[in-house]
Amino acid sequence: MEKERRINIIVFGIFGVLLIAGLLFFSVHVYETDKFNARRRIVGEGERAECTVQLYPRGGLADSWDKRDIEFMGEIVTFTGSTYDCTVMNFSDAELTEWKLRINIKKECYINNSWCGTVEIHQHRKTYPEEIVQELDLRNYSESEIRLEHFYVAEDLYIPLSDGDYIIYNPSEVSGELPVRAFGNEAGKTTVGFIFYHKKGERLDFSCSIVYRLTRSCLQGTRPKLLLAAFALWLVLLVIRVTFVLTFSNLKRDTNSVIRAVSGIYTILYKANLENDTFQEIRASDVLHEFFGKHTSIREALDGIPEEFYIPENMREVREFFDIDTMKERLRDTDNCSADFKSRDLYGPGTGRWFRSSLIVCKRNGRNEPVEVICGTRDVDSEVREHEEHKMMLERFATELSDEVAKQTVHVLEIQRRIVSSLGDMIGSRDGNTGGHVKRTSEVMKILVDEIIRRNRAGTGNPKFSRISKKKGEDIIRAAPMHDLGKIFIDTKILCKPGKLDADEYAIMKTHAEHSGEIVNLVLRDVEEESFVDTAFNIARYHHERWDGLGYPEGKDGGMVGEGIPVEARIMSVADVYDALVSKRCYKEPMSFEMACRIMIDGMGKQFDPDLEDIFVACLKKLEKYYSENAD
């Protein structure tokens, strides 16, 4: 009794310590989450943070216009109107629940409209003794409420702004500009618009930034889920332990108490003494009473069980379950155990019924071996048969579900491929290409990779490319469209510049490789296989590295030289450069196949992996045929 009491004190003490530790750990997590949510953040245009902001002219023929012959301050002038969009993107795993946009004016201009929120305009900050500040909804206002300096041209409102003035844009929650969900969701970004006017011949010049707060639930992330799972496990173990203590701890010292406790559960009860091989009937059916009444020995009774009691295939399990030595072994470390058996229907014809027999320890000897055991049996036929029906139904449902999941997986992969391809086309269009750069480089990659795989299968391939299996090849081809995703962060003026980039512009342009790798990690790391994400990351980040170590973003200082460059990035480099040579760009006309071929071969061993030369040459006819049939 004392030993059991000490064990219970230790066990429940451990439960208490685990609970206190879990509560402290969760309290720290809640504190860190509140601290994260309360933090005020600010980011400028072009800066990388959890959120980004970009202000840019919408572009297109319909989004820039002139208003001619307008009388302004005693002279006739022409005003040019432009629509500007500002995109706020949330790259974090938390909701963007609060943000305000600030646009700093650097050149004289006139604001006309904005949507869908309100704008707080700070006017005459340098030109008057006191600035004028007013918040307006420029889509819904009355002239009488405007305190700012303003005028109208053909019913259009013009609010003049000069260098040093600024506007604060307050987003509209009703219009869906708040909240902005985490990146990767459909609402992972929001775009607002403005209309500005300026005198023709002059230009607009702004800078912008956003002040924002992110909100994350204290139940979001892996840590709270693990805590909840641990608490659920703790609670289950506690209930099991309490149930065991209340139900069996005292009952096993008093056989009569055990019998009273289980008498309402079992229809057949026997008391067995395992030390002297005897048993005693407590409750039984007439048939069982007639048979077992002739025996007092457990072994004799087992040997003499008539075949009409159990179907033959169950006899071995029955005798084994009630065998004295087996019972001692089975009950060595537990106080109860059960098994299901199928017997013949003793009350009429049929195929048999399922019964559950249980062994419950009442007393143990000094060696902790079970001595006195209660044997109980009850009818569980309907329960077992229902379980079997559910099992068969679940197995059938699992098979159907597996087939459907396989179909949907193929569908999801195709949708993902189209999204990535479309995103790549959009980026290709931004940098002055026709929008087909992604499709063309992907096709070039497919031609090159197919040739490598064909040689590997034929046993004629280069050993250094032997790891490019069919699966690896499919990953390389599927990842190719992601190589220029980082160009979304490059200013359009640099991407579309018709002439040569200066040193500063080129330095900015080179950052697109690092951005591409970051986007791949951010978008794919938690939803794709690790091997595919690694392949896509290598292509996106390292496709501008050179064999001689003079590439970027790492070069020879980062170990990106020769075979230190991932093989998929080396192949992507060949495809990317070849397409750049034979395709029209905003700064050049397409080059002839012959001239492009000479340049590519001359670059083998310098810019490109020299072992790719014979593969490139073997693919020339297919490449020229593809570009001839798909000329822009």
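### Topic: the overall build of the protein
Logical step 1: A tally of regular secondary structure across the protein gives 17 helices and 18 strands.
Logical step 2: In the protein, which comprises 632 residues, the share counted as buried stands at 43%.
Logical step 3: Counting contacts in the protein only where the partners sit at least 6 residues apart, residues at least 24 apart contribute 66% of the total.
Logical step 4: By element, 54% of the accessible surface of the protein is carried by carbon and sulfur atoms, the whole surface being about 34,800 Å².

### Focus on the packing of aromatic side chains
Logical step 1: Evaluation of the coordinates by the stated rule reveals 24 aromatic pairs.
Logical step 2: With a centroid separation of 5.8 Å and an interplanar angle of 75°, the aromatic rings of Tyr110 and Phe151 are classed as edge-to-face. Here Tyr110 is found in strand S6 (residues 109–115), whereas its partner Phe151 is found in strand S9 (residues 151–153), with 41 residues between them in sequence.
Logical step 3: With a centroid separation of 4.7 Å and 40° between ring planes, the pair formed by Phe196 and Phe206 is classed as tilted. Of this pair, Phe196 sits in strand S12 (residues 189–199) while Phe206 sits in strand S13 (residues 206–215), and the two are 10 residues apart along the sequence. The same class applies to Phe196 and to Phe206, which are both buried.
Logical step 4: Looking at Arg48, its charged tip hangs above the ring of Phe91, at a distance of 5.1 Å from the centre.

### Digging into the pattern of salt bridges
Close approach of charged atoms allows side chains of opposite charge to pair.
Logical step 1: For the structure on display, the rule yields 33 salt bridges.
Logical step 2: Notably, a salt bridge pairs Glu518 with Arg48, separated by 3.3 Å at the nearest N-O pair. Of this pair, Glu518 sits in helix H12 (residues 503–524) while Arg48 sits in the loop between strand S1 (41–44) and strand S2 (51–57); the two residues are 470 residues apart in sequence, bridging distant segments of the chain.
Logical step 3: We classify Arg48 as partly exposed; its relative accessible area is 36%.
Logical step 4: Note that Arg570 and Asp609 form a salt bridge whose closest N and O atoms lie 2.7 Å from each other. Of this pair, Arg570 sits in helix H14 (residues 567–582) while Asp609 sits in the loop between helix H15 (593–603) and helix H16 (613–618), and the two are 39 residues apart along the sequence. For the pair Arg570 and Asp609, a shared accessibility class is recorded, and that class is buried.
Logical step 5: Linked by salt bridges that have partners in common, Lys464, Glu563, Arg570, Asp609 and Asp611 make up one network.

### Description of helix H13 (residues 530–542)
Along an α-helix, residues three or four positions apart point the same way, because every turn accommodates 3.6 residues.
Logical step 1: Look at H13: 18 Å from first C-alpha to last across 13 residues, which is about the 18 Å you get at 1.5 Å a residue.
Logical step 2: Along H13, 10 of the 13 residues are buried, which leaves the element largely enclosed by surrounding structure.
Logical step 3: Looking at H13, one finds that the buried residues are Phe532, Val533, Thr535, Ala536, Phe537, Asn538, Ile539, Ala540, Arg541 and Tyr542.
Logical step 4: The secondary structure elements touched by the buried residues of H13 are helix H9 (437–458), helix H10 (470–479), H12 and H14.

### Some remarks on the confidence of the model for the protein
Logical step 1: For the protein, mean pLDDT is 83; residues scoring 70 or higher make up 86% of the total.
Logical step 2: Mean pLDDT values for the elements of the protein range from 66 in helix H8 (residues 381–430) up to 96 in strand S11 (residues 166–170).

### Digging into the nonpolar core
Logical step 1: In terms of nonpolar packing, the biggest core is built from 48 residues, with Met445, Ile468, Val520, Ile571, Tyr578 and Phe616 touching the most fellow members.
Logical step 2: Elements represented by at least two residues in this core include exactly H9, H10, H12, H13, H14, H15, H16 and helix H17 (620–629).
Logical step 3: Counting residues per element, this core draws most heavily on H14, which supplies nine residues.
Logical step 4: Those residues in contact with Val520, other than ones at most four positions away along the chain, are Met482, Arg525, Val533, Ala536, Phe537 and Ala540.
Logical step 5: One finds Tyr84, Leu148, Ile159 and Tyr169 within the second-largest nonpolar core, a separate group that totals 38 residues.

### A look at unusual backbone geometry
Logical step 1: Cys116 follows Trp115 through a cis peptide bond whose omega is 15°.
Logical step 2: Looking at where Cys116 falls in the secondary structure, it is placed in the loop between S6 and strand S7 (118–123).
Logical step 3: The step from Leu178 to Pro179 runs through a cis peptide bond, and the omega angle for that step is -10°.
Logical step 4: Take Pro179: it is sitting in the loop between S11 and S12.
Logical step 5: Positive phi outside glycine occurs at Asp277, with the angle close to 55°.

### Some thoughts on the sheet that holds strand S16 (residues 336–343)
Within a beta sheet, neighbouring strands are joined by backbone hydrogen bonds and run either parallel or antiparallel to one another.
Logical step 1: Across the sheet, which stays open at both edges, the five strands sit in the order S15-S14-S18-S17-S16 with antiparallel pairing between neighbours. Edge positions in the sheet fall to strand S15 (278–283) and S16, since each has one partner strand and no second. For this sheet the average axis-to-axis angle between neighbouring strands, irrespective of direction, equals 20°.

### Some words on a nonpolar patch on the surface
Logical step 1: A cluster of nonpolar side chains, contributed by Leu19, Leu23, Phe231, Leu235 and Val239, occupies part of the molecular surface with about 420 Å² of accessible area.
Logical step 2: Where the nonpolar patch is concerned, the elements lending two or more residues are helix H1 (2–38) and helix H2 (222–249).
Logical step 3: Mapped onto the fold, Leu235 is located in helix H2.

The rules behind the values
Residues numbered from 1 in each chain as written. Predicted model: local features only at pLDDT ≥ 70, side-chain atom pairs only at ≥ 80, totals over all residues. Heavy atoms only, no water. Helix = DSSP H or I, 4+ residues; strand = E, 2+ residues; numbered from the N terminus. Buried < 20%, exposed > 50% of the residue type's maximum accessible area, 1.4 Å probe, protein only. Contact = heavy atoms within 4.5 Å. Areas by Shrake-Rupley, 256 points an atom, 1.4 Å probe, with all protein chains shown as cover. Phe/Tyr/Trp six-rings, centres within 6.5 Å; stacked < 30°, edge-to-face > 60°. Lys NZ or Arg CZ within 6 Å of the ring centre and 35° of its normal. Salt bridge = Lys/Arg side-chain N within 4 Å of Asp/Glu carboxyl O. Expected span 1.5 Å × (residues − 1). pLDDT = per-residue confidence, 0-100. Core = buried A, V, L, I, M, F, W, Y, C linked by side-chain atoms within 4.5 Å. Pairing = 2+ DSSP bridges. Axes fitted to C-alpha atoms, helices over the stretch in contact; angles between N-to-C directions. Patch = residues over 30% accessible without salt bridge, like charges linked within 9 Å, V, L, I, M, F, W, Y side chains within 5 Å.

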